[in-house]
Amino acid sequence: MSRPREQVIPASDDNARMNAKHRRLLQTLSVVALLAYTALLAYPTLSRGAVDDEASPSGKVQRIRSLHEDPTVTSESSSATATLRPPTTVLDDVFISVKTTKSYHNHRLPIILKTWFQLAKAQTWFFTDTDDPEFQLKTNGHMINTNCSSSHSRKALCCKMSVEFDTFMDTDKKWFCHFDDDNYVNVPRLVRFLGDYNPREDWYLGKPSIQAPLEIINKEKKPTQKVKFWFATGGAGFCLSRALALKMMPVASGGKFIGTGEKIRLPDDVTMGYIIEHLLKKPLTVVDQFHSHLEPMKFIRREILEDQISFSYARNKDEWNVVKIEGFDTKYDTNRFLSLHCFLFPHFNFCPR
Ligand SMILES: *[C@@H]1O[C@H](CO)[C@@H](O)[C@H](O)[C@H]1NC(C)=O
């Protein structure tokens, strides 16, 4: 018998939060609809705006914001469906992919290797665009040269996602979780979180960075067709259950992900949303605990840091968007990942005691 999962699983904090979140999402949606409407009035060009289909870092693209004409569709598409109690999830059930590129190896990988990678050495793989013997050694052979271009073009990004997907499919892992090389991943929290879901059901778990579903025009269809869908921001990280990944194979495996991305001319994370929400009609489940650099990190309160799954950072001119946490000197720990790590896992040998 299937019952709503909120009833099956003991009312843990997570579930309470999920429920609260759905309510909040509904409230937010009405506010968002109002805001979007105001924006449309103020900036009529927005409603006609085209999606920047050229080489933009995913998430940074100025995407079309559209009014969701039927808010019920949205709320429905973000709610959890009935499920049985999921099987126990352990770290080894998770495939963690980190997208990186040649020029970021020296800048971004050392801190990951020093911190959260230590908690998931066997499960984490780095997808890059070159052979790098130094980091191949440091990751115990977990660098994968995708042979994709090192440019930040749409095609290069979709190419890497495509290899990440295929590599996951070649394993027997239950979950595929993608992150970027500017993410800090709270590994035990990620595993506990996935434990609330059944990998034999279709789950697309992540966090959108836009306030309304993306709307694109499908010019292939005559008459042209409007397509609306949500997508999880790649820069915050997202996870797919194996059941869902299996259903995606006809449009995403064996390099087909690139073709799909080319067809709609959108970045990798958007293409993921298009495949799952539009083609497969499986809804994105919004998870607040994923964080990309598009959000201000300083607003994540200290009391809830432990509960978050991913963090990020960014530098805009002289201003750093970083997690607000005491610890190491900012000169030494500019992106705050070392301090965050010591806050979460104080037993690490480089942490002050
Ligand atoms: C990249 O190219 C090399 C050399 O041709 C090949 O051995 C390797 O399998 C390729 N990697 C992927 C992910 O296809």
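Rules of the game
Residues numbered from 1 in each chain as written. Predicted model: local features only at pLDDT ≥ 70, side-chain atom pairs only at ≥ 80, totals over all residues. Heavy atoms only, no water. Helix = DSSP H or I, 4+ residues; strand = E, 2+ residues; numbered from the N terminus. Buried < 20%, exposed > 50% of the residue type's maximum accessible area, 1.4 Å probe, protein only. Near = heavy atom within 4 Å. Polar contact = N/O pair within 3.5 Å; in protein donor to acceptor, adjacent residues only side chain to side chain. Areas by Shrake-Rupley, 256 points an atom, 1.4 Å probe, with all protein chains shown as cover. Core = buried A, V, L, I, M, F, W, Y, C linked by side-chain atoms within 4.5 Å. Contact = heavy atoms within 4.5 Å. Salt bridge = Lys/Arg side-chain N within 4 Å of Asp/Glu carboxyl O. Pairing = 2+ DSSP bridges. Axes fitted to C-alpha atoms, helices over the stretch in contact; angles between N-to-C directions. Parallel < 35°, antiparallel > 145°, perpendicular 65-115°, else oblique. Left-handed = near helix turned anticlockwise from the far one by under 90°. Nonpolar A, V, L, I, M, F, W, Y, C, P; charged D, E, K, R; others polar. pLDDT = per-residue confidence, 0-100.

Here Asn-140, not a glycine, exhibits a phi torsion of approximately 55°, which is positive. Within the element layout of this structure, Asn-140 appears in the loop between helix 6 (133-138) and strand 3 (143-145). Positive phi, close to 70°, is recorded for Arg-336, a residue that is not glycine. Within the secondary structure layout, Arg-336 lies in the loop between strand 13 (319-321) and helix 12 (337-344). For Arg-336, a relative accessible area of 6% translates into the label buried.

Here we take up the site of the ligand. If you check the shell around the ligand, you find Asn-145, Asn-147 and Val-163 and nothing else. Within the backbone of Asn-145, a nitrogen or oxygen atom sits 3.3 Å from a nitrogen atom of the ligand. The separation between an oxygen atom of the ligand and a polar side-chain atom of Asn-147 is 2.3 Å. If the ligand stood free it would expose 360 Å²; the protein chains cover 29% of that surface.

Turning to the nonpolar core, a few remarks are in order. Of all hydrophobic cores here, the largest spans 49 residues; its most connected members are Leu-190, Leu-194 and Leu-205. Looking at this core, the elements that each hand over two or more residues are strand 1 (94-99), helix 5 (105-114), strand 4 (175-180), strand 5 (184-185), helix 8 (187-194) and helix 12. In this structure Leu-205 touches Trp-175, Phe-193, Leu-194, Tyr-197, Phe-238, Cys-239, Leu-284, Thr-285, Val-287 and Phe-290, once residues within four positions along its chain are discounted. Counting residues in hydrophobic clusters, the runner-up holds 33 residues, among them Phe-165, Ile-210, Phe-231 and Ile-275.

On to the pattern of salt bridges. A full pass over the atoms with the stated rule returns 17 salt bridges. The closest approach of N and O atoms between Lys-173 and Asp-92, which form a salt bridge, is 3.2 Å. Here Lys-173 is found in the loop between helix 7 (154-169) and strand 4, whereas its partner Asp-92 is found in the loop between helix 4 (71-77) and strand 1, with 81 residues between them in sequence. You can call Lys-173 buried: its relative accessible area is 12%. Residue classification places Asp-92 among the partly exposed positions, given a relative accessible area of 46%. The shortest N-O distance in the salt bridge between Asp-129 and Lys-160 comes to 2.7 Å. Taken as a pair, Asp-129 in the loop between strand 2 (124-128) and helix 6 and Lys-160 in helix 7 lie far apart in primary sequence, 31 residues in all. Lys-160 shares its class with Asp-129; the two are buried. Each of Lys-99, Asp-180 and Asp-268 takes part in a single network of salt bridges with overlapping partners.

Buried residues dominate strand 4, accounting for six of its six residues. With six bridges joining them, strand 1 and strand 4 adopt parallel strand pairing. Within strand 4, the position partnered with Ser-97 by the bridge is His-178. Across four bridges, the pairing between strand 4 and strand 9 (residues 238-241) is antiparallel. Bridge pairing in strand 9 links Cys-177 to Cys-239.

It is worth spelling out the packing of helix 7 against helix 10 (residues 256-264) at this point. The N-to-C vectors of helix 7 and helix 10 enclose an angle of 150°; their axes lie 8 Å apart at closest approach. One finds that helix 7 runs roughly antiparallel with respect to helix 10. Relative to helix 10, the crossing made by helix 7 is right-handed. Of helix 10, the residues touching helix 7 (which contributes Arg-154, Lys-155, Cys-158, Cys-159, Met-161 and Ser-162) are Phe-257, Ile-258, Gly-261 and Glu-262. For the contact of helix 7 with helix 10, a count of residues per class yields five nonpolar, two polar and three charged.

A separate point is helix 11 (residues 268-279). Most of helix 11 is tucked away, with eleven of its twelve residues classed as buried. With its phi angle positive at about 60°, Lys-281 sits one or two positions after the end of helix 11.

On to the confidence of the model for the protein chain. Here the protein chain averages 82 in pLDDT, while 76% of its residues score no lower than 70. Of the regions scoring below 50 in pLDDT, residues 1-18 engages in 35 contacts with residues more than four places distant in sequence or in other chains. Confidence over residues 36-79 falls short of pLDDT 50; this stretch has 71 contacts with residues more than four positions distant or in other chains.

By the criterion of burial, strand 7 (residues 214-218) is predominantly enclosed, with four of the five residues buried. Two elements, strand 7 and strand 8 (residues 225-229), share five bridges in a ladder whose sense is antiparallel. Paired with Asn-218 across the bridge in strand 8 is Gln-225. With antiparallel pairing between neighbouring strands as the criterion, strand 7 and strand 8 make up a hairpin whose turn holds six residues.

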